[in-house]
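Residues per chain are reported as follows:
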Amino acid sequence: MNTPTTNDKYDLAVIGAGSAAKAAATEARRRGKSVVMIERGHPGGTCLNLGCVPSKHLLAAAAARAGAASSRFPGITSSAGPVELASLISDKDAFISELRERDHVHATAQAGITLRRGTASFSGADDTGVFISIIGEDGSAEKIAAHHALIATGAQPFVPPIPGIHSVDYLTSLTSMSLHQLPASLVVVGANAIGLEQAQLFSRLGAKVTVIEVADRIAPFEDPAISAALQEALEAEGIEILTAANLTQVQPDGEGVLATVEVNATTIRIPAERLLIATGRRPITDGLDLDSVGLAVGVRGEVPVDEHLRTAHPRIWAAGDVTGHPQFVYIAATQGAAAVSNAFGDAPQALDYTVLPRVTFTSPAVASVGLTPAQADAAGRPVETRELPLNFVPRALINRKTSGLLRLISDPDTDRLLGVHMVGEEAGEVITAATYALSASLTVQQLATTWAPFLTMAEALRITAQMPPATQK
């Protein structure tokens, strides 16, 4: 290994090359600043390479198979044979590779952003900037300097200390979508967004899937009525779901794994070919040598930032999943651009996360924005709720996809909309419209009298708003 020497100085050095990093680098170049991004893996980050894009690609394929396996309409006969998973994964990999080269390699170079491939760590700072050491893929060593640095290293799957976990070849969301052979059976630990999407993905491809969730319901951060409707729909597809279930041990079982689970004071043992751990994600800070610049991580391993995304060091910023904020790619990208704007601008701005939508891409999908009744109650706010089963939505009836419901939460005194929650077809599209309504501070009456195209799922917002409140608390 060569002795590192300081070769270059940049206006901005970004550690990472995912969504937050690219948005930051792009904003810096827009301002005429020199930028370097250092990436030890694939450019594009988790969302492109291992998260959002591959999972939705494979979910779309699984949905196509599920639709072929059972027609909803008389007179149409269809069928679906076994899945050649290796071909499906190869197609997914080729698609991602094309996007990565186009959007995160060529576009980066065209924008005048320097991309260094290697592992970065801090090596000190002074009044003029920050020093970063880079160990290249070929083992070479160098040191660069920058006026400002942005940490955008993302997050990785968290694996809890389950007894016996290291004795089995378990999967995480990083590895499950690279399998080339479909497991006959799969145990999924965790029933939040990632776990539920993965469970339905593999179930629709042909695996027997069991989901284990330690909370008393799946999708535990959603409104309870939404969780219940989603569980009913998933179980109708043949997915077995165990809630209030504690995985106490895993062990090898021939060519597979045996999971021991405590449910309602009863011990059950579940054999499966594979085990998938989907129990959340934790920020990645290993190897950054944060001590050298006076930074310490928070209780969940995150890099703490203020409302302007500045760390405890005045020249070091952080954005995206590494900050411990909600792990959505649209937050990461917005934070990346905002951090650079605050670093080089004259008037720092804080982001407003009040009206923040989220989507779980199961089928039916789950989508939410704003307060749930439980959150309003915890804040001491009275609310009214309006609820509409989707079998009252004309588009859902025509599509014969009536599983699910829509809930509106509002302030009984001002009639202002406080939250919208949905499980059903095209829930993500509907919640986007709801996000605009909340951002504009619309009342329920205004929503009820706003034009909505007939035979759209978004029409459900208007129909629900026209209903009398079901409850008031």
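Here, residues in each chain are numbered from 1, in the same order as that chain's written sequence. Restriction of local features to residues with pLDDT of at least 70 applies here, the model being predicted, together with a cutoff of 80 or more for giving and counting side-chain atom pairs; totals for whole chains, interfaces and linings are based on all residues. The side-chain numbers reported here are obtained from all heavy atoms of the structure, hydrogens and water having been left aside.

K.L.:
Any chance you could explain the sheet that holds strand β7 (residues 185-189) here in plain terms?
P.N.:
Note: strands within a sheet are paired through backbone hydrogen bonds, in either parallel or antiparallel orientation. The sheet built from 4 strands is open, its strands ordered β9-β8-β7-β13 with parallel pairing. At either margin of the open sheet sits one strand with a lone partner, and together these are β9 (240-242) and β13 (274-277). For this sheet the average axis-to-axis angle between neighbouring strands, irrespective of direction, equals 20°. Strand pairing follows a simple DSSP-based rule, namely that at least 2 bridges must link the two strands. Under the DSSP-based scheme used, a helix requires at least four consecutive residues in state H or I and a strand at least two consecutive residues in state E, with every element numbered from the N terminus. Where β7 and strand β8 (residues 208-212) come together, 5 bridges link them in parallel fashion. Its bridge partner lying in β8, Val187 is registered against Thr210. Two residues form a contact once any of their heavy atoms are found within 4.5 Å. The axes are straight lines fitted to the C-alpha atoms, using for helices just the contacting stretch, and the angles between their N-to-C directions are given from 0 to 180°. Against the sheet, helix α5 (residues 193-205) contacts β7, β8 and β13, and its axis sits at roughly 165° relative to β8.

K.L.:
Just to check I follow, could you spell out unusual backbone geometry for this structure?
P.N.:
Leaving glycine out, the prevailing phi sign among residues is negative, and the prevailing peptide bond configuration is trans. For the bond from Ser363 to Pro364, the omega torsion is 5°, close enough to zero to count as cis. Examined against the element boundaries, Pro364 turns out to sit in the loop between β16 (358-360) and β17 (365-370). The backbone phi angle of Asn264 is positive, close to 50°, even though this residue is not glycine. Within the secondary structure, Asn264 is located in the loop between β11 (256-263) and β12 (266-272). One non-glycine residue, Leu309, lies in the positive phi region at around 75°.

K.L.:
Help me understand the side chain of Arg204, please; the structure alone is not making it clear to me.
P.N.:
Within the fold, Arg204 resides in helix α5. The residues contacting Arg204, other than those within four sequence positions of it, are Ala62, Ala63, Arg65, Ala66, Glu237 and Ser363.

K.L.:
Help me understand the packing of aromatic side chains in this model?
P.N.:
The geometry of an aromatic ring pair is captured by the separation of the ring centres together with the interplanar angle, meaning the angle of the planes. Pairs were defined over the aromatic rings of Phe, Tyr and Trp, the Trp ring being its six-membered one, requiring ring centres within 6.5 Å. Orientation was assigned from the angle between planes: stacked under 30 degrees, edge-to-face over 60, tilted for the rest. The final tally for this structure, using the stated rule, is 1 aromatic pair. Ring centres of Phe328 and Tyr330 lie 5.3 Å apart, and the angle between their planes is 5°; this geometry places the pair in the stacked category. Throughout, exposure labels follow a simple rule: accessible area from a 1.4 Å probe, protein chains only, divided by the maximum for the residue type, with under 20% read as buried, over 50% as exposed, and the rest as partly exposed. The class of Phe328 is partly exposed, set by a relative accessible area of 23%. With relative accessibility at 37%, the residue Tyr330 sits in the partly exposed group. Directly above the ring of Phe158 sits Arg282, whose terminal nitrogen or CZ lies 4.0 Å from the centroid. Placement of a charge over a ring requires the Lys NZ or Arg CZ to be within 6 Å of the ring centre, with the centre-to-atom vector within 35 degrees of the ring normal.

K.L.:
So what exactly am I meant to see when it comes to the pairing of β12 here?
P.N.:
Along any regular strand the residues' side chains alternate between the sheet's two faces. Here β11 pairs with β12 via 7 bridges, running antiparallel. In the sheet register, Glu262 faces β12, and the bridge partner there is Thr267. Hairpin connection from β11 to β12: 2 residues lie between these consecutive antiparallel strands, with Asn264 at a positive phi of about 50°.

K.L.:
Looking at this structure, I do not really get the sheet that holds β11. What am I missing?
P.N.:
Ordered in space as β10-β11-β12, the 3 strands form an open sheet in which the pairing is antiparallel. Whereas interior strands pair on both sides, the edge strands pair on one side only; in this sheet they are β10 (245-253) and β12. For this sheet, the mean angle separating the axes of adjacent strands, direction not counted, is 20°.

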